[in-house]
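Chain by chain, the residues run as shown.
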Amino acid sequence: MQFAELVATYDKLAATTKRLEMRQILAELFQRLPPDEIAEAVYLSQGLLRPEFEGIELGVAGQLARRALADALGIPEEKVAQHVRQSGDLGTTAAELAAGGPSGGEGAGRTSTVREVYAALLAIATASGDGSQKKKIELLAEVLRGAGPSEAKYLTRLVLGQLRLGVGTQTILDSLADAFAPGDKAARLPIENAYNVSSDLGLVATSLAKDGLPGLQGIHLQVGRPIRPMLAERSPDLVDVLKRMDGGAALEYKYDGLRIQAHIPATGPAKLFSRRLEEMSAQFPELIEELPKVITTRPAIVEGECVSVSPETGELQPFQEISRRRGRKYDLERMQAEVPVRLFLFDVLLAGDEESAELDFPARRHRLEKILAPTDRVQLATQRVVASVEEATAFFDESIADGCEGVMAKSLAAGSRYRAGARGFWWIKYKREYTISLADSIDGVVVGAFHGRGRRAGAFGAFLLATYNRQSDLYETFCKAGSGFDDAQLAEMPKRLERFRSPESPKNVSSSIVPDQWFRPGLVLEVRGAELSLSAIHRAAFGAVRPGAGFALRFPRFTGNFREDKGPEEATTADELVKLYTSQVRHHAVEGPGDAG
Ligand code: AMP
């Protein structure tokens, strides 16, 4: 097909905002295109050259495009710049200047095909290294030379990454169905499925154009090509979760990190994709190294959540920490030490030559357990099969206490296959929001300490803190705090605590956690945290709000204040915690359940 013909379609698309019309225009285009050119046309209409996951970006600088346009038209660059200042858009300028150019808007009689233009754009996008700027200008000038006004306009917008025809994935899928299975309403589903499995609209279009609907059967999971992730619905409470799951489900910790889809070939390096299917392999070299060692059956495609762990205490950190590693290209070694990560795997889609997306969830989990030899860095997501709201609540509390943001309930029923790209009630997320920072700080009494790890090896790395319960005269734990201390403060902790050392759990301390070293209540530290949550593990104000649960402070952080002005009995009390918790619950009610995903 001539590029001019494709461009005429773009003009029609640009002239309408009606989805139905766009769909028709595209369907006609797809029918006219030869099967071996349709993929290129599909990518181009979305302003792409390759499927998004390959990360090949069009998008040259405006200055470069101006130079190329000037060269192509044989006019000074300043003339182009001047015109852009008036038109405000290089695409418009290209069209108008081309219309008045040597060819008078007819092109130089030298017409380009879609294939030729595509090849040139790909060469422009992938040119790199020394002299690549010059090369890009030459390549672009070459395709612009002799282009008619509309061609020049769209070429310019394409290379600038500013095509914006408003053609979304769903519209393309609709148009493909109209073009290759007209009148067949049932055709839309297999077309969408093929896209969800391959994430590649060009591939889907080519298969359809070549062999119609049966052509889609040739599209399978492939290592190196991400599958669109299965998504979860949400639920307001655990009672509702269990009801929707027919009374029983597998609950998993909902880790607060980055979703990772790992592709591990039989040989060669693994690839990692984000939830949005961007490749993230470069950011996590430690996972690239570890995955082939721990996944015993290859090739494999597995999914999990990657979470940052505190280098000092080994505890899970909130999302903000791991987000420091996203998009990182430099200082990778330092970042690996500062923000170490752990990957918790929760699904498997391919192992050996067996695809498992069609298996029900229990069978997938079973397979995942079989192909994983876990290490500290790569583990299985913590899971428990529950059959009652009580069991679910206890598991939820454990998850929060372990630094997670809630639970993911997964259906065990027949039909619980992996639904690529779909959000449904086969997976239900339930989490507590903690975006509201706890209004007040808490004065906690040190009752224990834990040996440090990593940089803190040989010293204490974290401390077990308690509040004071006036009624029972007990010090009840509410958190393990390891953040917020600078090196000097950590170094002086043993000295400050020395006189409170105790060989066993002091009688007035209530704790279900056993620290490496106990201390009698004496030293008071001021901490801040994200929120108070109910916890089956901590003992503060135990049973005050819910039987069998105390309060835990999530993401505690030492403020730097040693409250030397306070004795342990002046620390925050259990009653005060209850008040803080209730005020926080009211906050939640006002804010409603937000969701960052
Ligand atoms: P959604 O908001 O629908 O994307 O679902 C929540 C997100 O939670 C997923 O995309 C994962 O990134 C993350 N997640 C954390 N833990 C799990 C888990 N055990 N199973 C599935 N997803 C999890």
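Rules and cut-offs
Counting of residues starts from 1 at the beginning of each chain's written sequence and follows it residue by residue. A pLDDT threshold of at least 70 governs which residues receive local features in this predicted model, and a stricter bar of 80 or more applies before side-chain atom pairs are shown or counted, although totals over entire chains, interfaces and linings include all residues. In computing side-chain values, all of the structure's heavy atoms are included and hydrogens and water are not. Only DSSP runs of H or I reaching four residues or more are called helices, and only runs of E reaching two or more are called strands; each is numbered from the N terminus. By definition, residues are in contact when any of their heavy atoms lie within 4.5 Å. Between buried and exposed lies partly exposed: a residue is buried under 20% and exposed over 50% of the maximum accessible area for its type, with that area taken using a 1.4 Å probe on protein chains only. Starting at the helix axis, one direction is taken to each C-beta atom, and the arc is that of these directions. Consider each residue's heavy atoms; a residue with any of them within 4 Å of a molecule or strand counts as near. In protein, a polar contact means a hydrogen-donor-capable atom and an acceptor-capable atom, both N or O and within 3.5 Å, with residues adjacent in sequence counting only if both atoms are side-chain atoms; elsewhere, any N or O pair within 3.5 Å suffices. Salt bridges are defined as contacts in which a side-chain nitrogen from Lys or Arg sits within 4 Å of a carboxyl oxygen from Asp or Glu. Domain ranges listed in this record stem from an automatic or a database domain assignment. In this analysis, strands are considered paired if DSSP registers two or more bridges between them. Put simply, two rings from Phe, Tyr or Trp (the six-membered ring, in Trp's case) pair if the centres are within 6.5 Å, and we call them stacked under 30 degrees between planes, edge-to-face over 60, tilted for the rest. A ring has a charge above it when a Lys NZ or an Arg CZ is no more than 6 Å from the ring centre and no more than 35 degrees off the ring normal. Simply put, an axis is a line fit to the C-alpha atoms, just over the touching stretch for a helix, and the angle between two N-to-C directions goes from 0 to 180 degrees. Throughout, the term roughly parallel applies to angles under 35 degrees, roughly antiparallel to angles over 145, roughly perpendicular to angles from 65 to 115, and oblique to all others. Polar here means any residue outside two lists: the nonpolar Ala, Val, Leu, Ile, Met, Phe, Trp, Tyr, Cys and Pro, and the charged Asp, Glu, Lys and Arg; Gly therefore counts as polar. By definition, any crossing whose near helix is turned counterclockwise from its far helix by less than a right angle is left-handed, and any crossing with a clockwise turn is right-handed.

Our next topic: the side chain of Arg367. Tracing the backbone through its elements, the reader meets Arg367 in helix H17 (residues 361–371). Setting aside residues no more than four positions away along its own chain, Arg367 makes contact with Val348, Ala351, Glu354, Glu355, Ser356 and Leu359.

On to helix H19 (residues 487–497), then. Of the residues making up H19, those classed as buried are Gln489, Leu490, Met493 and Leu497. Seen along its axis, H19 keeps its buried residues to an arc of 100°; they face one direction. Of the residues in H19, the exposed ones pointing more than 90 degrees away from the buried face are Ala491 and Lys495. Against strand E12 (442–451), strand E13 (460–469), strand E15 (501–502), strand E17 (517–519), strand E18 (524–528) and strand E21 (557–562) lie the buried residues of H19.

Lining the immediate surroundings of the ligand are 16 residues, of which Ala232, Arg275, Glu305, Lys410 and Lys429 lie closest. Within the side chain of Glu252, an N or O atom sits 2.9 Å from a nitrogen atom of the ligand. In the model, an oxygen atom of the ligand is placed 2.4 Å from a nitrogen or oxygen of the Lys429 side chain. Those elements giving two or more residues to the shell around the ligand turn out to be strand E1 (231–234), strand E2 (249–254), strand E10 (406–410) and strand E11 (423–431).

Under the defined criterion, the tally for this structure stands at 41 salt bridges. Residue Glu192 pairs with Arg188 through a salt bridge whose shortest N-O separation is 2.7 Å. In this pair, Glu192 and Arg188 are both assigned in helix H11 (residues 188–198), four residues apart and thus about one turn of the helix distant. For Glu192, a relative accessible area of 23% gives the class partly exposed. Judged by relative accessible area, which is 19%, Arg188 ranks as buried. Between Glu321 and Arg324 there is a salt bridge, with its nearest N and O atoms 3.3 Å apart.

What the domain assignment lists for the chain is domain 1 (48–160), domain 2 (231–433) and domain 3 (442–591). For domain 1 and domain 3, the distance between their C-alpha centres works out to 64 Å.

Turning our eyes to something else, we now look at the pairing of strand E14 (residues 474–481). Two faces belong to every sheet, and in a regular strand the side chains alternate between them. Counted residue by residue, E14 has six buried out of eight residues, so it is predominantly covered. As judged from the seven bridges shared by E13 and E14, these two strands associate in the antiparallel manner. Across the sheet, residue Asn469 finds its bridge partner in E14, namely Leu474. Hairpin connection of E13 to E14: four residues between the antiparallel strands, including Asp473 at a positive phi of 60°. Both E14 and strand E16 (residues 509–510) contribute to a ladder of two bridges, which runs parallel. In the sheet register, Glu476 faces E16, and the bridge partner there is Ser510.

Let's shift gears to the packing of aromatic side chains. Overall, the coordinates contain 15 aromatic pairs when judged by the stated rule. Measuring from centroid to centroid gives 6.2 Å for Phe53 and Phe273, while their planes differ by 90°, and the two rings are edge-to-face. A residue pair is termed long-range when its members are at least 10 positions apart, and Phe53 in the loop between helix H3 (38–45) and helix H4 (62–73) and Phe273 in strand E4 (residues 271–273) qualify at 220 residues. Judged by relative accessible area, Phe273 falls into the buried class, the value being 1%. Across from the ring centre of Phe425, 3.9 Å away, lies the NZ or CZ of Arg244, which sits over that ring. A cation over a ring is seen here: Lys410 above Trp427, with NZ or CZ 4.2 Å from the ring centre.

A separate point is the packing of helix H10 (residues 169–180) against helix H12 (residues 201–211). Here H10 crosses H12 at 5°, and the two axes come no closer than 10 Å. One finds that H10 runs roughly parallel with respect to H12. Residues Thr169, Ile172, Leu173, Leu176 and Phe180 of H10 lie in contact with H12, whose contacting residues are Leu201, Val204, Ala205, Leu208 and Ala209. Looking at the contact of H10 with H12, its residues break down into nine nonpolar, one polar and no charged.

Read from one edge of the open sheet, five strands run E1-E11-E10-E2-E9, paired in mixed fashion. Strands at the two margins of the open sheet, each flanked by one partner only, are E1 and strand E9 (383–386). On average, each strand axis in the sheet is inclined to that of its neighbour by 35°, with strand direction left out of account. Alignment of E2 against E9, held across four bridges, turns out to be antiparallel. The residue of E9 that forms the bridge with Leu251 is Arg384.

Moving on, we come to the pairing of E13. Of all ten residues in E13, ten are buried; the element is thus mostly enclosed. Taken together, the six bridges between E12 and E13 define a ladder with antiparallel strand orientation. Across the sheet, the residue bridging to Val445 is Ala466, located in E13.

Moving on, we get to unusual backbone geometry. Cis geometry is found at the peptide bond from Arg298 to Pro299, where omega equals 0°. Structurally, Pro299 is set in the loop between helix H14 (285–294) and strand E5 (300–308). Backbone geometry places Asp246, a non-glycine residue, at a positive phi of 60°. When you line up the elements, Asp246 lands in the loop between helix H13 (238–244) and E2. Positive phi values are uncommon outside glycine, yet Ala541 reaches one of about 50°. With respect to the element layout, Ala541 can be found in the loop between strand E19 (531–535) and strand E20 (550–554).

Helix-helix packing is described using two parameters, namely the angle between the two axes and the distance between the axes. Helix H9 (residues 149–160) packs onto helix H8 (residues 132–144) with a crossing angle of 155° between their chain directions and a minimal axis gap of 10 Å. Considering the angle they form, H8 stands roughly antiparallel to H9. Handedness of the H8/H9 crossing: right-handed. Counting all contacts with H8, which are made through Leu140, Val143 and Leu144, the residues of H9 involved are Ala152, Leu155, Thr156 and Val159. Here the residues of the contact of H8 with H9 sort into six nonpolar, one polar and no charged.

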